[in-house]
Amino acid sequence: MPRSKKQVYDLQFRATQDNDPVDDMLVYARKKEKIVLRNEDMPTDLWVLGTKVMCSDVGRFTASEKLSHPICIDPTFNMDQFENWKEPSFSWSYYDTPQKGCPDLQSVVAYTRNAFLEKCRGYLTDGEEALNMAWKAELPKARHLRCVKHFEGNCKQKLHSIGIKERSKQKFFLEKVFGVTNKGDGIVVAEDKNDAKTGRYLADRQELIGKAMTLKARRKAHMPVDEKGKPIHPYTNSSESMNNVMSQAKTDFLNFNNKGKNENLSKLEFTKHIFKEIHEREMRELKLALCGLSEEYKLDKIVEYLVVPVDTWFDWSERQRKEYIAKFNAMSIDNALQGKEIRVGHDLQAGATCKEYKELSIDAAAILKERKHCKDEVVKAVIEGALALLNLPAAIQQKPTLDPSKANKYEVASREAKHGEVECTVNKNYISCRCPSFRFDSVCKHSIAVAEKVGILDQHLQFV
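Residues numbered from 1 in each chain as written. Predicted model: local features only at pLDDT ≥ 70, side-chain atom pairs only at ≥ 80, totals over all residues. Heavy atoms only, no water.

## A look at the overall build of the protein chain
Scanning the protein chain for helices and strands turns up 20 helices and 12 strands. When the 464 residues of the protein chain are sorted by exposure, 44% land in the buried category. Of the contacts formed within the protein chain by residues at least 6 apart in sequence, a portion of 57% connects residues at least 24 apart. Carbon and sulfur atoms form 50% of the exposed surface of the protein chain, whose accessible area is close to 26500 Å². (Helix = DSSP H or I, 4+ residues; strand = E, 2+ residues; numbered from the N terminus. Buried < 20%, exposed > 50% of the residue type's maximum accessible area, 1.4 Å probe, protein only. Contact = heavy atoms within 4.5 Å. Areas by Shrake-Rupley, 256 points an atom, 1.4 Å probe, with all protein chains shown as cover.)

Laid out in structure tokens, this is it:
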């Protein structure tokens, strides 16, 4: 029940303004994996979304004593009615923009700390005081780090405000503070605040630099180290890049449904078409990364030994692949650093359930060596690439068209292409491709894969 007249008025106002299908959202959430971690109506409409994998990732990647990543928070992504924070593996979503001192901010932080961040060793913000205060209250033992890029922006604004507007005149000050790549370190890379010799403007910020940016602060937050053994710079790039991904997903959804770019999203639309879609896309890319076929991601160097050979991956049944993914997601940082292997059990029904690994219908390697005089390593790379494309269901897709005369074009996934795909055209007895390799000598994995798919591989190899 409302506890004051103001809350009654707020509820009445919201009832007249809000046409958001909350019941539909709750029904949808119950049918799917539990993704609504928390929702409440008072004092404001608050929703916390997350999946089991996301919550697990945040917990293990922020708590290891040997290699930890500070949780990255950037509350600048605006989904019209929705304001979201995105850490690489987790998203908070709630109605209304939080103001300084807003109870929503504190309650979200308190919930996430109790749920899976109780051992978090550090957190990283863009310098917003409300964020820092909320996390500091809930994670008093965690080290706060300040994004160096945002601090640099603040310094540029200060220089501009005191009349130093030209970049050439700002350069000396900025290089002194932030250093120059491969030439020298700046004040923010000092060991601690006592080594950070600051000028007049930075004198009152020496404490901030010492506590939130220096090497000592980064070590206490257990930041990953670079090739020189120094903790890397604290940046909020990861959360900002995810904000961009979510903004683009929103734009695509509105365009596809012929909605205006400034239209609001309901809770259900946001959950189904933004939150869920992005999470499922990342899970698909994780599966591909585990067998070295992802066009977007590759495993970090500490777990790259867990990449499964392509042949083995497709020899496994679907159950075995799911088991491997689940064990990979559950592996701790400490076990990964020790090189612990992942083993999957035998599937007695594998022969009846697993998909057959596709091979080329003819010996394309021998033909390329004989007719094109290609080197062995080139032939091997082309054939392996073509097989990988053939065995990925979404790698080769017929290009949509309303013109029957143009139904001979295919879009083929490509890591090297600018937009992640190349176009192949099916001609009478060969396949042409727009990739540089085909233009050079008419040999490429894309055209061979499409030729096999449409059943003219023999004619194609005769042509090239």
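On we go from here.
## Examining the pairing of strand 2 (residues 46-49)
Across the two faces of strand 2 the burial is the same, with Leu-46 and Val-48 and Trp-47 and Leu-49 all buried. When strand 1 (residues 36-40) meets strand 2, the two strands line up antiparallel, connected through four bridges. From the neighbouring strand, Val-36 faces strand 2, where its bridge partner is Leu-49. (Pairing = 2+ DSSP bridges.)

## Remarks on the environment of Asp-311
When you line up the elements, Asp-311 lands in helix 12 (residues 310-315). The sequence separation of Asp-311 and Ala-388 amounts to 77 residues, and the corresponding C-alpha distance is 9.3 Å.

## Quick look at the state of the cysteines
Enumeration according to the criterion identifies zero disulfides in this entry. Here Cys-433 stays free of any disulfide, with the sulfur of Cys-435 as its closest cysteine sulfur at 3.5 Å. (Disulfide = S-S within 2.5 Å.)

## Details of the UniProt feature "domain: SWIM-type" (unreviewed entry) in the protein chain
Within this structure's numbering, the places UniProt gives as "domain: SWIM-type" (unreviewed entry) are residues 422-455. Between the first and last C-alpha atoms of residues 422-455 the distance is 20 Å; the span itself is 47% helix and 24% strand. (UniProt positions renumbered as here; feature names shortened; annotations may be inferred.)

## What to know about helix 11 (residues 267-290)
Helix length check: helix 11, at 24 residues, gives a terminal C-alpha distance of 33 Å against a target of 34 Å (1.5 Å per residue), a fit within 8%. Along helix 11, the sharpest change in direction is near 35° and occurs at Lys-276. Following helix 11 by one or two positions, Gly-292 adopts a phi angle in the positive range, close to 75°. (Expected span 1.5 Å × (residues − 1). Bend = angle between axes of the 7 residues up to and from the residue.)

## Here's the deal with the sheet that holds strand 12 (residues 431-433)
The strand order across the open sheet built from four strands is 9-10-11-12, with neighbouring strands paired in antiparallel fashion. The open sheet terminates on both sides in strands that have one partner only, identified here as strand 9 (396-398) and strand 12. Taken over all neighbouring pairs, the strand axes of this sheet differ in orientation by 30° on average, direction set aside. In the sheet, strand 11 (residues 421-426) pairs with strand 12 via three bridges, with the strands oriented antiparallel. Counted as the bridge partner of Thr-425 is Ser-432 from strand 12. (Axes fitted to C-alpha atoms, helices over the stretch in contact; angles between N-to-C directions.)

## A short note on the nonpolar core
Counting residues in each nonpolar core, the largest one holds 55 residues, and the members touching the most others are Leu-290, Trp-313, Tyr-324, Phe-328, Leu-360, Ile-396 and Val-450. When residues of this core are assigned to their parent elements, the largest contribution, eight residues, is made by helix 17 (residues 376-390). Non-local contacts of Leu-290, meaning those with residues more than four positions away in its chain, are made with Leu-299, Leu-306, Val-307, Val-308, Trp-313, Tyr-324, Ile-325 and Phe-328. If you look at the next biggest cluster of nonpolar residues, it comprises 19 residues, including Val-36, Trp-47, Leu-265 and Leu-268. (Core = buried A, V, L, I, M, F, W, Y, C linked by side-chain atoms within 4.5 Å.)

## Remarks on the packing of helix 3 (residues 52-61) against helix 13 (residues 318-330)
As a packed pair, helix 3 and helix 13 sit with axes 9 Å apart at the nearest point and diverge in direction by 35°. Residues Val-53, Ser-56, Asp-57 and Arg-60 of helix 3 pack against Phe-328, Asn-329 and Ala-330 of helix 13. Taken together, the residues that form the contact of helix 3 with helix 13 break down as three nonpolar, two polar and two charged. (Nonpolar A, V, L, I, M, F, W, Y, C, P; charged D, E, K, R; others polar.)

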